[in-house]
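Reading the structure
What follows is each chain in one-letter form.
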Amino acid sequence: MSEPIPQCNPAALVAALRPQIDAAIARVLDGGPYILGPEVEAFETSWAAWCDTGQAVGCANGTDALELILRALDLPAGSRVLAPSHTAVATIAAIVRAGHRPMLADVERHSYCLDPASASRCFEAAAAAGDPVHALIAVHLYGQPADLDALGSLCQIHNIPLIEDGSQAHGARWRGRRVGSWGVAAGFSLYPTKNLGALGDAGVITTDDPQLAARLKRLRQYGWAQPAISTEPGVNSRLDPLQAAILQVKLPHLEAHNAQRQAVAAVYRQQLAGQADVMLPPAADTRAEPVYHQFVVQLPAERRDAVRAHLTAQGIGTLLHYPQAAHQMPAYLGQSWVGLDPVGLGVTDALLPRIVSLPMGPHLSLEQAAQVAQQLLLTLKG
């Protein structure tokens, strides 16, 4: 292969936009302020408009975004909060940091998103134990929207808030509406490798509730309603104006970057269609429009690691997102305060030894995507 193909390459996007990014950084350095201020407010306005929501609140990272939402909802202390076990563990960490207890559900075999049937079983089991679920976090994993119809209906039936974790799905749509505009609020990570990435940690929350947004802005800064006076306990989780300025440069390009991700996914799908040893993620349909933060395939478990090694030898990067689910990690495994689907998490347990993330991102050309697919097929046939 002529040159390596990395699994992701955020530096390529920085290089393409370097003059504009340098100008944005210089603007902040020359003018200040260096905490919150107009740069953060401008990005909040732009992000809310892009997500078709009324409000956006910048914060330090995506984990904080979810924690702040949970704090602002005033759930009873130690509440059960339902989420998929197969997710970035930040989702689960946010629940614990907010003073609550995770109820871990299974995922769908193809979409990797929260399985409504598993969620329903968790609701029933928790209620039967006298320890009901008080909120649900729908994670739009790998850029694929979760089933917001079914999950939203469950939340309505049980009269609990639906929270979205849109950290891996900037711009994905469910029934034509962007994710982040469906629940009571949504948290987004803006980590450098995300579809919209800062050059460091950053996060943002969307909501249509102006009162909730106002409270989130207080909570992110010590509970201040006015400078240096806390009206309630809060935290320090402010979006850096340098990062906000960089995000403002990158946001106008996000639609085109997502379109390139979708084009790369289409090449993978065309090249790998019909291969019995490769399970592909869902394509867009009348309900869901994914944006492919990752393109995650399932391979035979007994061959997965050998395939990865061969691709590495050919200069093709792959990653495992994620090698363990939350319920398998030492921090949560066997803990009495962690709830599980009463019939187990069989789909999650079965898919983890099989999944692999192929190269994905706007840095990839369609020719490179075809090379990746061809090398994968050669390896599987060898």
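None of these values were measured; they are calculated from a predicted model.

1. A short note on helix α2 (residues 18-31)
If you check α2, its first and last C-alpha atoms are 20 Å apart, about what 14 residues at 1.5 Å a residue would give, namely 20 Å. Turning to α2, its buried residues are Ile21, Ala24 and Val28. Mapping the buried residues of α2 onto a view down its axis gives an arc of 65 degrees, with all of them on the same face. Exposed residues pointing more than 90 degrees away from the buried face of α2 are listed as Pro19, Asp30 and Gly31. The inward-facing, buried residues of α2 abut α1 (10-16), α3 (38-50) and α9 (241-250).

2. A few points about the nonpolar core
Counting 61 residues, the largest nonpolar core has Leu82, Leu136, Leu151 and Ile205 as the members making the most contacts within it. Those residues within four positions of leucine 136 in sequence are excluded, and the remaining contacts are Leu82, Leu114, Ala119, Phe123, Leu151, Cys155, Ile160, Pro161, Leu162 and Ile163. Judged by nonpolar contacts, the second largest core, of 26 residues, contains Val297, Val307, Ala369 and Val372.

3. Notes on a nonpolar patch on the surface
Side chains of Leu29, Tyr34 and Ile35 sit close together on the surface and give an oily, nonpolar patch of about 320 Å² of accessible area. Relative to the helices and strands, isoleucine 35 resides in the loop between α2 and α3. On the basis of relative accessible area, isoleucine 35 is assigned to the partly exposed category, the value being 48%.

4. Things to note about the packing of helix α11 (residues 301-313) against helix α13 (residues 366-381)
Two elements in contact, α11 and α13, have axes whose closest approach is 10 Å; the angle formed by their N-to-C orientations is 130 degrees. Classified by the angle their axes make, α11 and α13 are oblique. Between α11 and α13 lies a crossing whose hand is right-handed. On α13, the residues that touch Arg303, Val307, His310 and Leu311 of α11 are Gln375, Leu376, Thr379 and Leu380. Here the contact of α11 with α13 is composed, by residue class, of 4 nonpolar, 3 polar and 1 charged.

5. Overview of the sheet that holds strand β7 (residues 177-178)
Strand order in this open sheet of 3 strands is β7-β6-β12, and the pairing throughout is antiparallel. A single partner strand is all that each edge strand has here, and the edge strands are β7 and β12 (288-289). Two strands pair when backbone bridges link them, and strand β6 (residues 173-174) and β12 are joined in this way by 2 bridges, in the antiparallel orientation. Bridge assignment links arginine 173 to a residue of β12, and that residue is glutamate 289.

6. Remarks on the pairing of strand β3 (residues 101-105)
If a strand is regular, its side chains alternate between the two faces of the sheet. Across the 5 residues of β3, 4 count as buried, placing the element largely inside the fold. Across 5 bridges, the pairing between strand β2 (residues 80-84) and β3 is parallel. By the bridge assignment, proline 84 is partnered in β3 with alanine 105. Between the parallel elements β2 and β3, the chain passes through helix α5 (residues 90-97) in a crossover that is right-handed. As judged from the 2 bridges shared by β3 and strand β14 (residues 339-340), these two strands associate in the parallel manner. Looking across to β14, one finds that methionine 103 is bridged to glycine 339.

7. A short note on the pattern of salt bridges
Throughout the structure, instances matching the rule amount to 18 salt bridges. With a closest N to O distance of 2.7 Å, aspartate 131 and arginine 101 form a salt bridge. Of this pair, aspartate 131 sits in the loop between α6 (116-128) and β4 (133-139) while arginine 101 sits in strand β3, and the two are 30 residues apart along the sequence. Aspartate 131 sits in the partly exposed class, given a relative accessible area of 22%. Looking at arginine 101, the relative accessible area reads 22%, which means it is partly exposed.

Conventions we followed
- Residues numbered from 1 in each chain as written.
- Predicted model: local features only at pLDDT ≥ 70, side-chain atom pairs only at ≥ 80, totals over all residues.
- Heavy atoms only, no water.
- Helix = DSSP H or I, 4+ residues; strand = E, 2+ residues; numbered from the N terminus.
- Expected span 1.5 Å × (residues − 1).
- Buried < 20%, exposed > 50% of the residue type's maximum accessible area, 1.4 Å probe, protein only.
- Arc of directions from axis to C-beta.
- Contact = heavy atoms within 4.5 Å.
- Core = buried A, V, L, I, M, F, W, Y, C linked by side-chain atoms within 4.5 Å.
- Patch = residues over 30% accessible without salt bridge, like charges linked within 9 Å, V, L, I, M, F, W, Y side chains within 5 Å.
- Areas by Shrake-Rupley, 256 points an atom, 1.4 Å probe, with all protein chains shown as cover.
- Salt bridge = Lys/Arg side-chain N within 4 Å of Asp/Glu carboxyl O.
- Axes fitted to C-alpha atoms, helices over the stretch in contact; angles between N-to-C directions.
- Parallel < 35°, antiparallel > 145°, perpendicular 65-115°, else oblique.
- Left-handed = near helix turned anticlockwise from the far one by under 90°.
- Nonpolar A, V, L, I, M, F, W, Y, C, P; charged D, E, K, R; others polar.
- Pairing = 2+ DSSP bridges.
- Right-handed = clockwise from strand over helix to strand, strands pointing away.

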